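Topology and contacts: notes
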Amino acid sequence: MADHQKIYPAPAPEPEQEVLPKPTAPLVPRGSSRSENGDPERQQPPLRRSLTPYSQPKKRSCCKKCLCWSCCLFFLVIILLGILAAIIYFVFQPKIPKYSVDSMRITQFNINNDMSLSATFNVNITARNPNKKIGIYYENGSHLSVWYKGTNLCEGSLPKFYQGHRNTTVLNVKMTGQTENATNLLQSLQVDQQSGIIPLNLRVKVPIRIKLGKLKLTKWKFLLKCRLNVDSLSQDNIIRIRDNKCKVRFRF
């Protein structure tokens with residue numbers, strides 16, 4: 001009997017492992033770190049808040065433009081006013097009127113029973129207009145006053161009239177007033193009267209209108225201040241004016 005040969009099953013061949021090519025570039029970019037929580041490419045990027053546009057620079061630019069235009073308009077107005085003033089000056093050649101107090105007379109200057117002082121002055125004022133092409137309208141609402149060391153002695157007003165080109169007008173103004181508690185005032189007057197120099201101030205406020213050719217301008221305020229030195233203040237006596245200085249100012 002023939003010997004039976006034992007046949008053992010051959011082991012199955014191992015599957016060949018597929019050889020992958022070496023990566024030419026790193027899986028993780030240089031300078032970055034691996035994430036411990038998984039693939040960084042699969043992670044969602046962090047949420048970013050949407051920022052609203054900042055509108056303040058636009059407001060600032062608008063303010064700068066408005067300021068620039070305002071400055072330009074302001075300088076343009078100044079230039080136009082300068083040109084107009086130059087035209088008026090060269091065409092009309094304006095000159096300031098001149099004024100002087102020529103004479104003064106006291107018709108009443110006495111003490112009443114209640115120690116008040118009653119005074120009445122007649123003042124002659126000369127107004128000179130040296131302009132060739134400019135006239136002056138003296139309007140209603142004028143006010144004149146005579147002061148002695150801060151005390152108002154009497155008041156009056158100018159008449160309404162028109163003063164033409166190169167005209168000289170003499171105005172006679174009557175001024176009256178009453179001063180309460182004039183005891184100290186009389187004592188001071190007696191001291192000054194002995195020295196022969198009594199300081200007085202004449203103040204004049206008159207609304208006027210300037211006429212340039214045929215053009216009548218708006219109303220201005222005319223202010224006149226005159227400083228006088230007289231020899232005495234006595235009733236029914238012509239007072240000698242030692243000197244007087246008058247200054248003129250105009251206001252719109």
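Rules used throughout
- Residues numbered from 1 in each chain as written.
- Predicted model: local features only at pLDDT ≥ 70, side-chain atom pairs only at ≥ 80, totals over all residues.
- Heavy atoms only, no water.
- UniProt positions renumbered as here; feature names shortened; annotations may be inferred.
- Helix = DSSP H or I, 4+ residues; strand = E, 2+ residues; numbered from the N terminus.
- Salt bridge = Lys/Arg side-chain N within 4 Å of Asp/Glu carboxyl O.
- Buried < 20%, exposed > 50% of the residue type's maximum accessible area, 1.4 Å probe, protein only.
- Contact = heavy atoms within 4.5 Å.
- Disulfide = S-S within 2.5 Å.
- Patch = residues over 30% accessible without salt bridge, like charges linked within 9 Å, V, L, I, M, F, W, Y side chains within 5 Å.
- Areas by Shrake-Rupley, 256 points an atom, 1.4 Å probe, with all protein chains shown as cover.
- Lys, Arg positive; Asp, Glu negative; His and termini not counted.
- Charge placed at Lys NZ, Arg CZ, Asp CG, Glu CD.

An unreviewed UniProt entry lists the protein chain under the name Ndr1hin1-like protein 3, with Nicotiana attenuata as the source organism. As its UniProt record puts it under Subcellular location (unreviewed entry), the protein chain is described as follows: "Membrane".

Quick look at the UniProt feature "transmembrane region" (unreviewed entry) in the protein chain
Using the residue numbers shown here, the UniProt feature "transmembrane region" (unreviewed entry) corresponds to residues 66-92. Within residues 66-92, the helical portion is 100% and the strand portion 0%, while the C-alpha atoms at the span's ends are 38 Å from each other.

Concerning the pattern of salt bridges
When charged atoms on two side chains of opposite charge get close, those side chains can pair. All chains considered together, the criterion is met by 3 salt bridges. One salt bridge connects glutamate 139 with arginine 209, and the closest N-O pair in it is separated by 3.7 Å. With a gap of 70 residues between them, glutamate 139 in the loop between β3 (134-138) and β4 (143-148) and arginine 209 in strand β8 (residues 198-212) connect regions that are remote in the sequence. A relative accessible area of 11% means that glutamate 139 is categorised as buried.

Describing the side chain of threonine 169
Mapped onto the fold, threonine 169 is located in strand β7 (residues 167-179). When residues no more than four places from it in sequence are discounted, the contact partners of threonine 169 are Ile125, Thr126, Ala127, Phe161 and Gln163.

Topic: the state of the cysteines
Throughout the structure, instances matching the rule amount to 1 disulfide. Here cysteine 226 engages in a disulfide with cysteine 246; their sulfurs sit 2.0 Å apart. Disulfide cysteine 226 to cysteine 246: torsion about the S-S bond roughly 110 degrees, handedness right-handed. Of this pair, cysteine 226 sits in strand β9 (residues 215-230) while cysteine 246 sits in strand β11 (residues 241-251); the two residues are 20 residues apart in sequence, bridging distant segments of the chain. With relative accessibility at 2%, the residue cysteine 226 sits in the buried group.

A word on a positive patch on the surface
Positive charge collects at one region of the surface, where Arg203, Lys205, Lys221, Lys225, Arg227, Lys245, Lys247, Arg249 and Arg251 lie side by side. Of all the elements in the fold, those that place two or more residues in the positive patch are β8, β9 and β11. Element by element, the count of residues in the positive patch is highest for β11, at 4 residues. Position of arginine 203 relative to the elements: it lies in strand β8.

Details of unusual backbone geometry
In this model, lysine 149 sits at a positive phi of 50 degrees, which is unusual for a non-glycine residue. Residue classification places lysine 149 among the exposed positions, given a relative accessible area of 53%. The phi dihedral of asparagine 181 falls on the positive side, at around 50 degrees, and the residue is not glycine. Judged by relative accessible area, which is 64%, asparagine 181 ranks as exposed.

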